[in-house]
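The residues making up each chain are set out below.
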Amino acid sequence: MKFSIVSACASAGEKLVEVTWNDQHKSRFHTKWLRFYCRCKKCQPELKGTYLVDIPAFPDVLTVAKVDVEEKGGTINVKINGELIAGHVIQYGAQWLRQHCYCDACLDNLIDKRDVISKNGVSVGDMTLPEVEYQNLLDDPDRNVFDFCEKMVLHGFCLVKNVPCENNKSLEVLRMLGPIRETCYGTRFDVNFSGKKHGNNNEVLLPFHMDQCSYEQPPGVVFLHCLKFDEIIRGGKSRLTDFFLVAETLRKESPEDFETLTEVPGSWDTYNYNTEHPAHQEHQKCHIVTDYFGKVSTST
Ligand SMILES: [Zn+2]
Ligand SMILES: [Zn+2]
């Protein structure tokens with residue numbers, strides 16, 4: 001829909017601008033929000049991370065001096081009292097402004113649209129395994145890397161089929177997604193059967209877990225390259241679970257336990273003294289973190 005502004009006026013002691021749209025929707029923008037998100041060349045630097053506007057130098061309370069709607073509702077101009085850039089007029093196009101309306105209804109709508117987690121909570125029986133072919137990633141990276149990323153975002157995992165059984169091929173695929181983060185184990189860590197009685201270098205079943213939890217920010221994507229060495233080898237079954245769905249199920253079935261896991265932190269540690277980069281990590285955080293809107297944002 002093409003949005004246009006029917007009318008706009010200052011309110012709440014001139015600290016807000018109220019906008020009425022051509023679909024009857026009403027938005028209220030704070031004067032500070034309008035001033036400091038201004039999209040004009042005087043305010044928006046070409047390079048992110050640089051600042052053209054000295055925000056702390058402005059008055060604590062910003063009030064509207066004048067509001068105009070132009071171009072048949074396609075643009076809004078706002079002047080404020082206490083402006084520090086000579087002759088500056090805040091100007092917004094109607095489409096951009098409407099897309100950024102932060103009223104409860106618009107935010108709810110936006111959150112709902114982006115909620116891939118609770119919407120994709122399907123049981124494995126109903127699900128086609130998300131997968132891409134290694135060769136397709138190489139032959140047509142633009143199309144297939146996007147497909148790969150989309151599947152990762154929607155499902156939280158994706159199988160890359162037929163990656164050659166060579167040690168560094170997995171890194172080649174990973175680099176298509178972005179830079180690789182190193183951990184105290186280096187860029188790559190090999191899980192080999194070594195007969196040890198601890199860790200993951202043996203044939204003992206590993207329970208569901210997340211890797212690298214002792215990091216303040218664990219890796220967002222972990223890539224496991226499963227190599228098959230010989231037809232006679234049996235086992236090697238991998239199981240995945242969706243922690244977000246687990247958290248949402250817990251919230252429904254046992255709200256008090258859910259609350260506890262959002263409030264009482266757990267501890268994670270890694271002591272790794274016998275590697276090239278010895279590490280001693282201890283970190284404390286909650287198993288479940290919810291955002292401002294109550295949605296599960298992290299689950300460990
Ligand atoms: Zn500006
Ligand atoms: Zn709105």
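The structure this text deals with has already been given above.
Scope of this entry: the structure provided in the associated data block. All values reported here derive from a predicted model rather than from experimental measurement.

Okay, unusual backbone geometry next. Even without being a glycine, Ala12 presents a positive backbone phi close to 50°. Relative to the helices and strands, Ala12 is located in the loop between β1 (5–11) and β2 (16–21). On the basis of neighbour counts, which here come to 13 C-beta atoms within 10 Å, the residue Ala12 falls in the partly exposed class. Even without a glycine there, the phi angle at Glu71 is positive, about 45°.

Looking now at the nonpolar core. Counting residues in hydrophobic clusters, the biggest one holds 17 residues, and the most contacted among them are Ile5, Ala8, Val17, Val19, Leu34, Ile76 and Val78. Those elements that provide at least two residues to this core are β1, β2, β5 (75–80), β6 (90–93) and α2 (94–99). With near-sequence residues (within four places) excluded, Ala8 lies in contact with Val17, Glu18, Val19, Val67, Val69 and Ile76. Listed in part, the 6 residues of the second largest apolar core include Phe244, Phe258, Leu261 and Val296.

The sheet built from 3 strands is open, its strands ordered β4-β5-β6 with antiparallel pairing. Each of the sheet's edge strands pairs with one partner strand only, and the pair in question is β4 (64–70) and β6. The average undirected angle you get between the axes of adjacent strands in this sheet is 15°. Pairing geometry for β5 and β6, over 4 bridges, is antiparallel. Paired with Val78 across the two strands is Ile90, which belongs to β6.

With antiparallel pairing, the 3 strands of this open sheet are ordered in space as β1-β2-β3. Looking at which strands have only one partner, the edges of the open sheet turn out to be β1 and β3 (26–30). Going from strand to strand, the sheet's axes swing by 20° on average, the running direction of each strand aside. Pairing analysis gives 5 bridges linking β2 to β3, with the strands arranged antiparallel.

In this structure, β1 lies alongside β2, joined through 6 bridges in antiparallel fashion. Bridging from a neighbouring strand, Ala8 pairs with Val19 of β2. Hairpin remark: β1 followed by β2, antiparallel, with 4 residues in the connecting loop; positive phi at Ala12, about 50°.

Turning to the environment of Leu138, a few remarks are in order. When you line up the elements, Leu138 lands in helix α5 (residues 134–139). Placed 28 residues apart in sequence, Leu138 and Glu166 show a C-alpha to C-alpha distance of 16 Å.

Conventions adopted
- Residues numbered from 1 in each chain as written.
- Chains lettered and ligands numbered in written order.
- Predicted model: local features only at pLDDT ≥ 70, side-chain atom pairs only at ≥ 80, totals over all residues.
- Helix = DSSP H or I, 4+ residues; strand = E, 2+ residues; numbered from the N terminus.
- Buried ≥ 20, exposed ≤ 12 C-beta atoms within 10 Å, placed from the backbone.
- Core = buried A, V, L, I, M, F, W, Y, C linked by C-beta atoms within 7 Å.
- Contact = placed C-beta atoms within 7 Å.
- Pairing = 2+ DSSP bridges.
- Axes fitted to C-alpha atoms, helices over the stretch in contact; angles between N-to-C directions.

That's the geometry; what it means functionally is another story.
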